[in-house]
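For reference, the chains in residue letters:
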Amino acid sequence: MNRGTGFRLPSCLLRLAWLLCAVRADGLVNEEVRRTLDLSTHLAKVSAEVLVANHGASAVQSFTLALESDLAPHLAYIGASVKGDEEEDNSLALKETSIQGRSGTFFQVQLPSALAVGEKLRVKVETVFTHVLHPFPSHITQAEKQLVVFQGNHYLYSPYPTRSQTTRVRLASKTVESYTKLGNPSKNDEVIEYGPFKDVPAFSQDAMKIHYENNSPFLTISSITRTIEVSHWGNIAVEETIDLRHTGAVLKGPFSRYDYQRQADSGISSVKSFKTILPASAQDVYYRDEIGNISTSHLQVLEDSVEVEVRPRFPLFGGWKTHYIIGYNLPSYEYLYTLGDQYALKMRLVDHVYDDQVIDQLTVKLILPEGARNVHLETPYPIVRGPDQLHYTYLDTFGRPVLVATKKNLVEHHIQDMVVHYTFNKILMMQEPLLVVGAFYILFFTVIVYVRLDFSITKDPAAEVRMKVASITEQVLTLVNKRLGLYRHMDDAVNRYKQSRDSGTLNSARKTLEAEHRALTNDITALQARLKAEGSDLAEKVGEVQKLDGQVKDLVCQSCQESERLVAGKVKKETYITSEKTLAGKRQELIARIDGLLDAL
Amino acid sequence: QNLSFQLNYPHESSASFSPNMAEHHTVSECKHKANPNAGGSLSGNGLSGGLTQPAGWQSLLSFTILFLAWLAGFSSRLFAVIRFESIIHEFDPWFNYRSTHHLSTNGFYEFLNWFDERAWYPLGRIVGGTVYPGLMVTAGLIHYLLNLLHVTVHIRDVCVFLAPVFSGLTAISTFLLTRELWNQSAGLLAACFIAIVPGYISRSVAGSFDNEGIAIFALQFTYYLWVKSVKTGSVFWTIGCCLSYFYMVSAWGGYVFIINLIPLHVFVLLLMQRYSRRLYIAYSTFYIVGLVLSMQIPFVGFQPIRTSEHMAAAGVFALLQAYAFLQYLKDRLTKQEFQTLFFLGVSLAAGVVFLTVIYLTYTELGCLYLYSVYAKIHIPIIASVSEHQPTTWVSFFFDLHILVCTFPAGLWFCIKNVNDERVFVALYAISAVYFAGVMVRLMLTLTPVVCMLSAIAFSSVFEHYLGDDTKRENPPAEDSSDEDDKRNSGNLYDKAGKVRKHVSEQDKPEEGLGPNIKSIVTMLMLMLLMMFAVHCTWVTSNAYSSPSVVLASYNHDGSRNILDDFREAYYWLRQNTDEHARVMSWWDYGYQIAGMANRTTLVDNNTWNNSHIALVGKAMSSNESAAYEIMKSLDVDYVLIIFGGVIGYSGDDINKFLWMVRIAEGEHPKDIRESDYFTPQGEFRVDKAGSPTLLNCLMYKMSYYRFGEMQLDFRTPPGFDRTRNAEIGNKDIRLKHLEEAFTSEHWLVRIYRVKKQENRQPLEHKLRSVLAKQKYTSKKKGKKLNKKSV
């Protein structure tokens, strides 16, 4: 793995003396150098193929790479690899160091095996610089094209002498305003070739300056906050909050929508949209800002990725900025590995936003499940860890641990995986469902308690008595109804008797009536007594009902006897019918009175 | 208490009457009321409402119906969220959202003291004292509580979904109120009506974060508690009513409706000889506590004792006291003494009234006169708002559909069986109909009462035709005044409503209604209700669910184009202008600019300062150099206008332009004359025949800058305005003091930058030497002073 620049000095200073000796003593020589400067985007990608030869007295374990002092602060990425015979490159370990008396930044490269005397090794060094192409003029109108200046070194800046060297510069367009003409370079379309330069001494510098047209999008992410929230219920939510700025030549004067729509080359350096590549399993992608959805985006699901065409609300001209949030969900089984209580999350520390991206400031926030312990973060390159935080979201009680890490100046080469190890007790998975269950339990229990118990502040004795009276009255009503029902039964029995002339059934019916009637009357009397005890005036009414009822009963008995007499032939049918009518009329009247009383209850 | 027709069926076999059923039902119905009092007073009688008993089924049914009504109301308000997104709609909600955001980030006291320097530049606005804070506090409180429980909901989502959630509460309070007025079944029907009726949905769709959304709930709930307190005469309910009234005052200016309707109710009851001690207790408590509470809202302040619209309440209060006093004396004095006293009292009252009138002539009426002058100046600005237009018949039907036809029937039922609270609902209906006729936006206050009365009408009809007619009951026709003499308890009410059926009555045929007629009528009614539901959904979906911040157009194949120009431009302002840049625009867009672009505006939808608006109108309607002078004096950095000519959007600034001219003319009649903007024939045209003043004014120039070159279509000439269907008259527009800063994709929003002066004018006289004042060194102090002075 390559090492980035985040690594800073202190340990290196200790080795200073030793290094000085090493550099002087190792006697390395750059036999052949082929440099390529790719300036076609807003980055300066400098790569060099160096054939290192050991002309010294002893085998060497390492050699040193050097960067010019004016370029070094812009360094985003540096990596060295051995170019083997096979296609694969073996990348080498780098360590920052310094050389006394020389300006610039130095990296010590550890060789895979010692380079013996007289041997040669082909090493490929790749560096990426950001913000080294300066727009000139710095302010342009909408119709103008964007010109930039690059200032660099014609030679490879190296602590070793160089035998032979070529430099090839790739530009963004054919249009070049000016370029330094050291050694009569050849220019062919978008490529300028310098050299070959022979026998260049160590630490030699010669200013190279190229002023050319570059309309590629000068987009810079001034800050990005990447939040990764891991849930053990199967989901990883990723959200990136991005501040984007066009760092090319600043727009001067008006922005005319008419020109922008009608003329193809108007605002050529502006950015309309770009593509963000998300992982293939990304779901529920959203793209929004403070005031809502950004409706101008499109999503395309490809086989190995999900492509979002991110279109800011407005085209970005030089100096304009925008701010947005993009987020998506990932299934956790693709990224989360587990063994017992041990968990490991392997995810990209920073992901793709657009091609040739530049990130000035990255903040990664990793939200682990509540209860995760022994957290250990492994990153592919050094990164600054901030103090851990706690994050509270749905159904959390004591908070989820949040790892915070920041890093400055990143490019595409930094899209690499990090690994987070932690332990998590699986029992804790039950915590959230139990919380929900508990909450519902409490809710229902409260309702039950509330409905069953009396929470009134004042006791209202009158109301209670009323309630009691009401319930007693109710019982009285039921009983009276039943009693009235009995009479109807009796009537039926009498009618049946008139047809069947079976006095046995009639007698038994009468007996049952008597028995039930007595029971009911007793009950009602008991209730009446209770009513009286409650001091209700309804008791009198009930008494009246009882009295009336007694009369009704008498009537019923009378009609029964009448029917008996009829059956026995003691009375004539006509007489019976008239007497029956009068009896029925009386009964109806009595029952109506009872009803009236009951209504009054 | 009237529901036993639903409940009797399990005991149908025992063909006897079943008063026990009614008893059961009554008691447990009260048990399930959502109030602590009823539950408390009834507990301990051993009647459990399990599902084995019909009362249990009944309460379960009511609960389910209310829950479903809430759900239906909530979900039918989500069209905009589903079609677009969770976004704040329109204009005023953006301000409410912004204030709520301020409240939730800075806390309540900071909100009350908030001086918004981003509005009404250079005047600013004391927000805490000029808003009804109920809405923001409600949303902020919900957000706070949710976050306390770690439910990490964004404040925006709370705001968006507040109105739909409250619509459910409105449904429940309407249920409660209707139950008090009529019976439970009518209450359930009313709850279902209010849940989906378009007249209310129009103000409470998801995203419409406005005062009305919660105020209708507060209104209904206050009325419910008022009716309850008049019925019971209990201070407990009255205090509840006052608290609810306080919430209403904090939520909406429409509280004036309550403070006039309740006194009117009391007054009419007095006229109807329905005075009772309950009424006295209820109104006296309500007036005093309600008055004190309402004065706690900073925006209301001392208005309740100063302004004329609150005077009716005070007058009725005095009247009620006098009436009660006379009643008291009547018991104690002989007739002769009483008469003497009466005359004395009357003459004293006349004297007091006379003095008050004299006093008012000097103070109140002076204010009134001033106000009428003020209103005259205001007229263009008030008239320019579309929701202040009178209501058309169509919109009555559109918003209420079948309910508008049935509610007079409900009103008739109420008047036929009149009692204290039905007097109230009748007054409510009549006054609301009047207000709704005056102004479109007051349709909102009419909607709940229409729902309640229609529910009563439907419920009565169903009781006749749907129920088993042998079990039909008469509507509860208790008279509350004689009830009062016996006992003062809430429980009594339900008891009195109970009417026993007699065995003898069962034999009588009700009316000669055959089953055919019954089923036909029932089917017809159900059809009407079904059509009502369909209409409600259709109206909600088509008319009331557009965020108006985002526009959508449909292609021939049904696919949808989203025109997001407003947010594009506002977001550009937010991101790419100086943080303190001042944006001039017509007042309609003030709140949106403040909310979405977060920039300082000159005027906004809180149209409190007419002359400031007129100044902006003047700048828009003057020629460029005159406008430049105004803009310079107002420190304008950007000018934002809405131009719909490219896509045919009719609500743009050119169409509103005449209002700007009128308002500007009201304040600056010498510089701006409306007639200058018309052709000699009196037409307002933007083409070649248009008046030269119009073709050279700033608004015209900004709208059509470079539009003359643009050919939208091969059939039309370049510079063809699609909104007004005319080729523009001035195609060669050059701007001297302004330059185009941004134009959105469909040209809907155009933003111009006001150029700074090239060089300073040479000073004509010597610099005035100013003594160095060390008064206000720190910024904070300066701010404080500023606050006081405004």
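Keep in mind that what you see is a predicted model, and the values were worked out from it rather than measured. (Residues numbered from 1 in each chain as written. Chains lettered and ligands numbered in written order. Predicted model: local features only at pLDDT ≥ 70, side-chain atom pairs only at ≥ 80, totals over all residues. Heavy atoms only, no water.)

J.: Can you help me understand the overall build of chain A in this one?
T.: A tally of helices and strands in chain A yields 8 helices and 33 strands. Relative to the compact-globule value of 25 Å for 601 residues, chain A shows a C-alpha radius of gyration of 50 Å, a clear excess of over 25%. Out of the 601 residues in chain A, the part that is buried amounts to 49%. Restricting the contact set of chain A to residue pairs at least 6 apart, pairs at least 24 apart contribute 77%. Accessible area of chain A: about 29000 Å², with a carbon and sulfur share of 54%. (Helix = DSSP H or I, 4+ residues; strand = E, 2+ residues; numbered from the N terminus. Rg over C-alpha atoms; globule rule 2.2 N^0.38 Å. Buried < 20%, exposed > 50% of the residue type's maximum accessible area, 1.4 Å probe, protein only. Contact = heavy atoms within 4.5 Å. Areas by Shrake-Rupley, 256 points an atom, 1.4 Å probe, with all protein chains shown as cover.)

J.: Teacher, can you tell me more about the overall build of chain B here?
T.: From N to C terminus, chain B includes 36 helices and 11 strands. For chain B, the residues scored as buried account for 53% of the 790 residues in total. Considering only contacts in chain B between residues 6 or more positions apart, those separated by 24 or more positions represent 73%.

J.: Would you mind going over the confidence of the model for chain B with me for this structure?
T.: Regions with low pLDDT should not have their predicted coordinates read in detail. Residue and element names in this part refer to chain B. On average, residues of chain B carry a pLDDT of 79, and 79% of them reach 70 or more. The spread of mean pLDDT over the elements of chain B runs between helix α3 (residues 36-42), the lowest at 34, and helix α14 (residues 235-251), the highest at 93. Note on residues 1-50: pLDDT is under 50 here. Beyond four places in sequence and across chains, it has 94 contacts. Of the regions scoring below 50 in pLDDT, residues 469-510 engages in 71 contacts with residues more than four places distant in sequence or in other chains. As scored by the predictor, the complex reaches a pTM of 0.79 and an ipTM of 0.77. (pLDDT = per-residue confidence, 0-100.)

J.: Looking at this structure, I do not really get the sheet that holds strand β23 (residues 298-301) of chain A. What am I missing?
T.: Paired through backbone hydrogen bonds, the strands of a sheet run either parallel or antiparallel to each other. All names here are of chain A. Pairing is antiparallel in the open sheet, where 3 strands are placed in the order β20-β24-β23. Edge strands, defined here as strands with exactly one partner in the open sheet, are β20 (274-279) and β23. Along the sheet, successive strands turn relative to each other by an average axial angle of 20 degrees, direction set aside. (Pairing = 2+ DSSP bridges. Axes fitted to C-alpha atoms, helices over the stretch in contact; angles between N-to-C directions.)

J.: How do you make sense of the UniProt feature "transmembrane region" (unreviewed entry) in chain A when you look at a structure like this?
T.: If you check UniProt for "transmembrane region" (unreviewed entry), the listed places come out as residues 434-453 of chain A in our numbering. In residues 434-453 of chain A, helix accounts for 95% and strand for 0%; the two terminal C-alpha atoms are 28 Å from one another. (UniProt positions renumbered as here; feature names shortened; annotations may be inferred.)

J.: Before we go on, may I ask you to explain the nonpolar core in this structure?
T.: A general tendency of soluble globular proteins is for nonpolar side chains to be buried together. Y324(A), Y223(B), W226(B), Y283(B), F286(B), V639(B) and I751(B) are the most contacted members of the largest nonpolar core, which totals 248 residues. Looking at this core element by element, the count peaks at 13 residues for helix α24 (residues 443-465) of chain B. Dropping the residues within four chain positions of it, Y223(B) is found in contact with L177(B), F257(B), I258(B), L261(B), I262(B), F424(B) and Y428(B). If you look at the next biggest cluster of nonpolar residues, it comprises 48 residues, including L28(A), V46(A), L111(A) and V169(A). (Core = buried A, V, L, I, M, F, W, Y, C linked by side-chain atoms within 4.5 Å.)

J.: Please clarify how the environment of A237(A) should be interpreted in this entry.
T.: All names here are of chain A. Inspection of the secondary structure assignment puts A237 in strand β18 (residues 235-246). Sequence separation between A237 and Y328 is 91 residues; the distance between their C-alpha atoms is 6.0 Å. Ignoring sequence-local partners within four residues, the contact set of A237 consists of T227, I228, E229, Y328 and N329.

J.: Help me understand the environment of D304(A) in this model?
T.: Inspection of the secondary structure puts D304(A) in the loop between β23 and β24 (305-310). Placed 27 residues apart in sequence, D304(A) and I277(A) show a C-alpha to C-alpha distance of 9.8 Å.

J.: Please clarify how helix α7 (residues 538-568) of chain A should be interpreted in this entry.
T.: Structural remark: α-helix, 3.6 residues per turn; residues separated by three or four positions point the same way. In a regular helix each residue adds 1.5 Å, so 31 residues correspond to 45 Å; α7(A) covers 44 Å between its end C-alpha atoms and thus fits that length. The first or second residue beyond α7(A) is G569(A), which carries a positive phi of 85 degrees. (Expected span 1.5 Å × (residues − 1).)

J.: Got a minute to help me understand the packing of aromatic side chains in this structure?
T.: Two aromatic rings are characterised by how far apart their centres lie and by the angle between their planes. All names here are of chain B. By the definition in use, this model includes 68 aromatic pairs over all chains. Ring centres of W393 and F396 lie 5.7 Å apart, and the angle between their planes is 40 degrees; on these two criteria the pair is classed as tilted. Note that W393 and F396 are positioned in helix α21 (residues 393-400) at a spacing of 3 residues, about one turn of the helix. Judged by relative accessible area, W393 falls into the exposed class, the value being 74%. Assessed through its relative accessible area of 11%, F396 is described here as buried. (Phe/Tyr/Trp six-rings, centres within 6.5 Å; stacked < 30°, edge-to-face > 60°.)

J.: Mind showing me how you'd approach the confidence of the model for chain A here?
T.: Of all residues in chain A, 94% attain a pLDDT of 70 or more, and the chain-wide mean is 83. Scored below 50 in pLDDT, residues 1-25 of chain A shows 40 contacts in the model against residues more than four places distant or in partner chains.

J.: How should the sheet that holds strand β33 (residues 417-423) of chain A be read in this particular structure?
T.: All names here are of chain A. Spatially, the 4 strands line up as an open sheet ordered β26-β27-β33-β29, and their pairing is antiparallel. The open sheet terminates on both sides in strands that have one partner only, identified here as β26 (336-339) and β29 (373-378). Strand-to-strand twist in this sheet, taken as the mean axis angle between neighbours without regard to direction, amounts to 15 degrees. Where β29 and β33 come together, 4 bridges link them in antiparallel fashion. Of the residues in β33, the one forming a bridge with H376 is H421.

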